[in-house]
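Here's the letter readout for the chains.
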Amino acid sequence: MTEQIYKGLAGVVADHTAVSKVNPESNSLLYRGYPVQELAAELSFEEVALLLWNGELPSAAEKEEFRGFERSHRALDPRVRAAIDLLPLDCHPMDVGRTAVSVLGANHPLSEDSSPEAELIKAKELFAAFPAVVAYDQRRRRELELVEPREDLDYSQNFLWMTFGEEAPEEVVDAFRVSMVLYAEHSFNASTFTARVVTSTLADLHSAVTAAIGALKGPLHGGANEAVMHTFEEIGIDPAETREAAAARAKAWMEQALAEKRKVMGFGHRVYKSGDSRVPTMKQALDAMVEYYGRGELMGLYDGLEAAMGEAKNILPNLDYPAGPTYHLMGFDTEMFTPLFIAARITGWTAHIAEQRANNALIRPLSAYNGPDERHL
Ligand code: SDX
């Protein structure tokens, strides 16, 4: 009997979800029915988080309640800081993120309570606590002191405050907020499916999120936004260069890379085959940062790579492609880009964990054996 293998589970519908709808035919993405472009234009990241968790837009009372909760849970837990300080300064920041979530789980009084109420509390606490992990990790690598959170700032303003120690301009805050909304959720991507697999065994929320972080790290998935910046760095970034000259260099680099059969991260997608629905909105945020910082040459690199990949393989950018240079212009170190993706995707992961738990079946596919026939010692 020759079983049908679905390598990478490509095209396999594993379950229902009401959290988001990724529609490659219409090139659209809905969070609980709302187009992500509308959410990115109108809502704070805090409001989008509540929508993903609760399934409905938050009432004024719910927003106020979460505002108080989130702002009072931002400080870096001293036990997390102690664990981070044990990690080498040259370890990957995704390992720091993974460790931080694991330490939070090991210390959480509700870690083994999987009731919906406890799960939502843990999700909200992770949402509020993770920015401090990213901010502290970038600062310690630069031999800078921890910056305490401020309760007078919203989530995005405070994230940038804790990272850079100064209030970010509103243009930067808005581009950052847009990136968080766009990165929040994307149906059964590899890291979210990982979280659902772990949840399906009835393991706890922190175990599922820690596993999801491991999956997100890979450059075929979340690690792609960091890899995009490494591509720009390999080509060479020269602020004095004209946009046209940078584009020409980037085009030549891509043609050579593809001739060498290299996989260039930031392009292609398992589901979207005519372009990632989130790219235009993220590109607008990148354009705003390029204009604000006067870095036209970076857009030249962006344009040159995109044109060459399109001409050679007709493969289009995914969200990670505009996200990488946007974070670079904001001042984040390249290796911190995927931890920023964690901060956003904590919302989607924990929404899926709740959905899996509410209607669970152990996720355990079959395999087709192609090893040696039975034999004996
Ligand atoms: C994210 O799933 C999600 O929703 C993820 C995500 C989310 O929000 O959670 O959207 C976030 O992870 C976006 C994707 C980030 N990853 C990258 O940028 C890595 C580079 N992209 C590729 O590795 C690839 O496009 C995948 C892995 C994303 C999807 O690939 P598929 O569907 O498994 O298809 P494939 O790898 O078999 O590619 C088909 C062809 C191949 O050519 P052939 O070998 O058949 O000749 O296209 C080529 C590939 O080589 N190809 C690329 C390419 N992407 C596809 N060639 C060069 N560079 C690329 N980036």
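If you're wondering where the values come from, they're calculated on a predicted model, not measured in any experiment. (Residues numbered from 1 in each chain as written. Predicted model: local features only at pLDDT ≥ 70, side-chain atom pairs only at ≥ 80, totals over all residues. Heavy atoms only, no water.)

Spatially, three strands are ordered 1-2-3 in an open sheet, and the strand pairing comes out antiparallel. Each edge of the sheet is formed by a strand with only one pairing partner; in this case those strands are strand 1 (20-23) and strand 3 (34-35). Bridge analysis of strand 2 (residues 28-31) against strand 3 gives two bridges, and the strand direction is antiparallel. In the sheet register, Y31 faces strand 3, and the bridge partner there is Y34. (Pairing = 2+ DSSP bridges. Helix = DSSP H or I, 4+ residues; strand = E, 2+ residues; numbered from the N terminus.)

Now for the pattern of salt bridges. Inspection of every chain in the model, using the stated rule, returns 24 salt bridges. Among the ionic pairs, E234 bridges to R262, the shortest N-O distance being 3.0 Å. Linking E234 in helix 11 (residues 224-235) with R262 in the loop between helix 12 (243-259) and helix 13 (279-293), this pair joins segments that are 28 residues apart in sequence. Overall, E234 belongs to the partly exposed group, its relative accessible area being 44%. Between E255 and K251 there is a salt bridge whose closest N-O contact spans 3.2 Å. Taken together, the residues E255 and K251, both in helix 12 and four residues apart, mark about one turn of the helix. Several salt bridges share partner residues, and in doing so they unite D95, R98 and K217 into one network. (Salt bridge = Lys/Arg side-chain N within 4 Å of Asp/Glu carboxyl O. Buried < 20%, exposed > 50% of the residue type's maximum accessible area, 1.4 Å probe, protein only.)

Moving on: the domain arrangement of the protein. Per the domain assignment, the segments making up the protein are domain 1 (20-219 + 335-359) and domain 2 (224-330). Taking only C-alpha atoms, the centre of domain 1 and the centre of domain 2 are 26 Å apart. Buried surface at the junction of domain 1 and domain 2, both sides included, amounts to about 2,400 Å², of which 64% is carbon and sulfur. Per-residue buried area on domain 1 facing domain 2 is highest for L182, Y183 and F337; these three make up 27% of the total on that side. Put simply, domain 1 and domain 2 have 10 residue pairs in polar contact (both at pLDDT 80 or more) between them. (Domains from an automatic or database assignment. Buried area = accessible area lost by both parts, 1.4 Å probe. Polar contact = N/O pair within 3.5 Å; in protein donor to acceptor, adjacent residues only side chain to side chain.)

Turning our eyes to something else, we now look at the packing of aromatic side chains. Under the counting rule described, the total for this entry stands at 21 aromatic pairs. In this structure, R150 packs its charged tip against the face of W161, placed 4.8 Å from the ring centre. (Phe/Tyr/Trp six-rings, centres within 6.5 Å; stacked < 30°, edge-to-face > 60°. Lys NZ or Arg CZ within 6 Å of the ring centre and 35° of its normal.)

Below, the discussion takes up the site of the ligand. Near the ligand you find 23 residues, and of these H186, V264, G266, H269 and R278 are the closest. K273 places a side-chain nitrogen or oxygen 3.2 Å from an oxygen atom of the ligand. The contact in question runs from an oxygen atom of the ligand to an N or O atom on the side chain of R345, over 2.8 Å. In isolation the ligand has 1,000 Å² of accessible area, and contact with the protein removes 71% of it. Its residues placed into classes, the shell around the ligand shows eight nonpolar, seven polar and eight charged. Both domains that furnish three or more residues to the shell around the ligand are identified here as domain 1 (20-219 + 335-359) and domain 2 (224-330). (Near = heavy atom within 4 Å. Areas by Shrake-Rupley, 256 points an atom, 1.4 Å probe, with all protein chains shown as cover. Nonpolar A, V, L, I, M, F, W, Y, C, P; charged D, E, K, R; others polar.)

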